[in-house]
Amino acid sequence: MKKTTLTLSAIALVLSFTATSQAKVLMPEVVSSGVTVAQLAEQKPVHWVSIEQIKNSLEGQAPMAVGFDIDDTVLFSSPGFYRGKLEYSPNDFSYLKNIEFWEKMNNEWDKFSMPKQVGIDLVQMHLKRGDTVYFITGRTKTKTETVTKYVQEGLGIPADKMNPIIFAGDEPGQNNKVSWMRDHKLKIYYGDADADIAAARELNIRGIRILRAANSSYQPLPKAGQFGEEVVINSEY
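The structure reproduced in this document is the subject of the present report. All figures in this text were calculated on a predicted structure; none of them were measured in a lab.

### Overview of unusual backbone geometry
Along the chain, glutamine 219 connects to proline 220 via a cis peptide bond; the corresponding omega equals 0°. With respect to the secondary-structure elements, proline 220 resides in the loop between strand E8 (206-209) and strand E9 (230-232). Even without being a glycine, lysine 185 presents a positive backbone phi close to 55°. Within the secondary structure, lysine 185 sits in the loop between helix H8 (177-183) and strand E7 (186-191). For lysine 185, a relative accessible area of 64% puts it in the exposed group. Positive phi, close to 50°, is recorded for asparagine 234, a residue that is not glycine. Mapped onto the secondary structure, asparagine 234 falls in the segment after E9.

Spelled out as structure tokens, the structure:
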């Protein structure tokens, strides 16, 4: 009897395994296309550089004039621009043509702008080299401004090394930064926008891209590296 019971149990177990093996595997609902390992590993052919590599590339060269854009390059200034849009033109971008907005932005609202670490590190590297640093912005010029003060304080620039901010302005179809870059004989210009790199290329100087933070109010985000320019790693903050 005991042997018969064991035999029946064995048969039941085999039948159970057989039934399980024949059961259809239930898969969860597909909710996205997903990615393969190869797709995850895919990288765009961007010319990435570090600040240390830029510094090493300048070794042995005499002090030079270098330039920086401001918004989204050395300052994360979106809070002021966001405030301006809400206050002056919530449904469009006409606030950027409103002198009242620029008076506020250039004199008050940069107190809410955050210095970007990449801006601090790059400016300090160039100052230690003995380079002359200029800041050329596409902002509209106003009768008074405190941008120079906030940039100097935020980036830790000694007073005797700080040049007044250059307000190149922004006009459709024109790159107003070119003439200023030429006049100051810049050798390098850092910026986040395509127009910054284009201006540098027009003058055959070294244009280096700074990444614009993903939460910047300045949208859409540019495609860094699309012109073959150097792009500073970890420069979105």
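### A look at the side chain of asparagine 107
Tracing the sequence through the fold places asparagine 107 in helix H5 (residues 99-107). On the accessibility criterion, asparagine 107 (19% relative accessible area) is buried. Separated by 2.9 Å, the side chain of asparagine 107 and the backbone oxygen of glutamate 103 make a polar contact.

### A few points about the pattern of salt bridges
Summed over the entire model, instances satisfying the criterion amount to 13 salt bridges. Taking the shortest distance from any N to any O, the salt bridge between aspartate 71 and arginine 139 comes out at 2.7 Å. You can see aspartate 71 sitting in the loop between strand E2 (65-68) and strand E3 (75-76) and its partner arginine 139 sitting in the loop between strand E5 (132-137) and helix H7 (147-155), a full 68 residues away along the chain. In terms of burial, aspartate 71 and arginine 139 fall into one category: buried. Via salt bridges that share partners, Asp69, Lys177 and Asp196 belong to a single interconnected network.

The rules behind the values
- Residues numbered from 1 in each chain as written.
- Predicted model: local features only at pLDDT ≥ 70, side-chain atom pairs only at ≥ 80, totals over all residues.
- Heavy atoms only, no water.
- Helix = DSSP H or I, 4+ residues; strand = E, 2+ residues; numbered from the N terminus.
- Buried < 20%, exposed > 50% of the residue type's maximum accessible area, 1.4 Å probe, protein only.
- Polar contact = N/O pair within 3.5 Å; in protein donor to acceptor, adjacent residues only side chain to side chain.
- Salt bridge = Lys/Arg side-chain N within 4 Å of Asp/Glu carboxyl O.

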